[in-house]
Amino acid sequence: MAKPVIHDQDGHADDLVATLLLAAHPAVDLKAAIVNSGDCLPEVSAQVLQEVLLQLGLPEVVVAYQIHSLPHPFPAAWQAESLNYRRDFAGSPVHSPTATGTQLLVETILESPEPVTLLVTGPCTNLAAALDAAPQIARKLERVVLMAGSLAAGGNVHDQPGHDGSAEWNLYCDPPAAAFCLAAGLPLELVTLDVTNHVPMTPPFLQRLAERSGACAIAARLLGGVEQQNYYFWDTLAALLTCEPDFLPRQGVQVRIRTDAPAEGRTECADDGFPVTIFAAGDEDRTLKVRVEERFIKI
Ligand code: AGV
Ligand code: CA
């Protein structure tokens, strides 16, 4: 039986491709995708996502966007990459998504007859807002997979004044929201940079994607709209692990999220931290890139 899943994301190319993966995977029944402020222009990325889902014959996935203000906004140049995706999908959208993303998240969870799996691949801001508005959603969440954090691998926030670079961007952009979600007792599973750093997204893979038809070709076009250097299977790997939890080994740890400068958003293991599950690259880290690429091409 396919599991009900919601994708809460922030509209960068790999977020959009992660939604396509969830929509295509037989183990998953994707109910909704919410595009939030973060690494994109939310309205633009939501329109592109809606358009792509319609092109692929998937009108049943409900798309909405939500504007939030973030303590540490993403670089404007990364947000503006949304315009590149739209340039490639010219033509007026058949439907324009509405700005009701928090409401969609709450309602989709509460209306589901079964417990829901939630994938978050952007800031924790919208999940925190939803928990604030309707705390009872916590009991309906079976798994909450986050592309977030870094334990031993170091951060990917560079050149931000007053920050030491030790955080991953999705947590750095809104540390209080991340800390709030961590403390909310959710069944959290983290896909951290410790794993994703083993899986860079390289031109030969994009070339292979582009040579295929359907969702693969669209994914290649979306991913071609970003600066390729230092791009990884971040959200796309988190989506794969949402569909196939046994793809990588898992382990339980206790973590805390710093909200104090200069390490805001940094994740640390701590005996008095909150219990979470983390995915590990395992001994196979050298072959992981090949395994992930092969799995992707086939879905
Ligand atoms: O930290 C990874 C997160 C993922 O959710 N994002 C991109 C993915 O959607 C932020 C990010 C880190 N480095 C980036 C990012 C880069 N070089 N370009 C765009 N976004
Ligand atoms: Ca993202």
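Report on the accompanying structure.

### As for helix α12 (residues 235-243)
Moving on, step 1. For α12, the tally of buried residues reaches 9 of 9 residues, placing the bulk of the element in the interior.
Moving on, step 2. Of all the residues in α12, the buried ones are Asp235, Thr236, Leu237, Ala238, Ala239, Leu240, Leu241, Thr242 and Cys243.

### Points about the site of ligand 1
Moving on, step 1. In the vicinity of ligand 1 lie 15 residues, with His12, Asp14, Trp78, Trp169 and Trp234 positioned nearest.
Moving on, step 2. Among the elements of the structure, α1 (13-24) and α7 (169-172) are those that each provide at least two residues to the shell around ligand 1.
Moving on, step 3. Here the shell around ligand 1 is composed, by residue class, of 4 nonpolar, 6 polar and 5 charged.

### Overview of the pairing of strand β9 (residues 274-279)
Moving on, step 1. Pairing of strand β6 (residues 188-191) with β9, which is carried by 2 bridges, proceeds in the parallel orientation. Each bridged residue has a counterpart across the sheet, and for Glu189 the counterpart in β9 is Thr277.
Moving on, step 2. As defined by bridge partners, strand β7 (residues 250-257) adjoins β9 across 6 bridges and the pair is classed as antiparallel. Following the sheet pairing, Val253 is matched in β9 by Val276.

### As for the packing of α1 against helix α2 (residues 42-55)
Moving on, step 1. Viewed as axis vectors pointing N to C, α1 and α2 meet at an angle of 30 degrees, and their least axial separation amounts to 10 Å. One element, α1, and the other, α2, form an angle in the roughly parallel class. In terms of crossing hand, the pair formed by α1 and α2 is right-handed. Seen from α1, the contacting residues are Leu16, Thr19, Leu20 and Ala23; seen from α2, they are Ser45, Val48, Leu49, Val52 and Leu53.

### Some thoughts on the environment of Ala270
Moving on, step 1. Along the chain, Ala270 turns up in the loop between β8 (267-269) and β9.
Moving on, step 2. Judged by C-beta crowding, with 11 C-beta atoms within 10 Å, Ala270 ranks as exposed.
Moving on, step 3. Put simply, Ala270 and Val253 are 17 residues apart on the chain and 8.5 Å apart in space, counted from C-alpha to C-alpha.
Moving on, step 4. Not counting the four nearest positions on each side in its chain, Ala270 is found in contact with Gln254, Val255 and Arg256.

Rules used in this analysis
- Residues numbered from 1 in each chain as written.
- Chains lettered and ligands numbered in written order.
- Predicted model: local features only at pLDDT ≥ 70, side-chain atom pairs only at ≥ 80, totals over all residues.
- Buried ≥ 20, exposed ≤ 12 C-beta atoms within 10 Å, placed from the backbone.
- Helix = DSSP H or I, 4+ residues; strand = E, 2+ residues; numbered from the N terminus.
- Near = placed C-beta within 6 Å.
- Nonpolar A, V, L, I, M, F, W, Y, C, P; charged D, E, K, R; others polar.
- Pairing = 2+ DSSP bridges.
- Axes fitted to C-alpha atoms, helices over the stretch in contact; angles between N-to-C directions.
- Parallel < 35°, antiparallel > 145°, perpendicular 65-115°, else oblique.
- Left-handed = near helix turned anticlockwise from the far one by under 90°.
- Contact = placed C-beta atoms within 7 Å.

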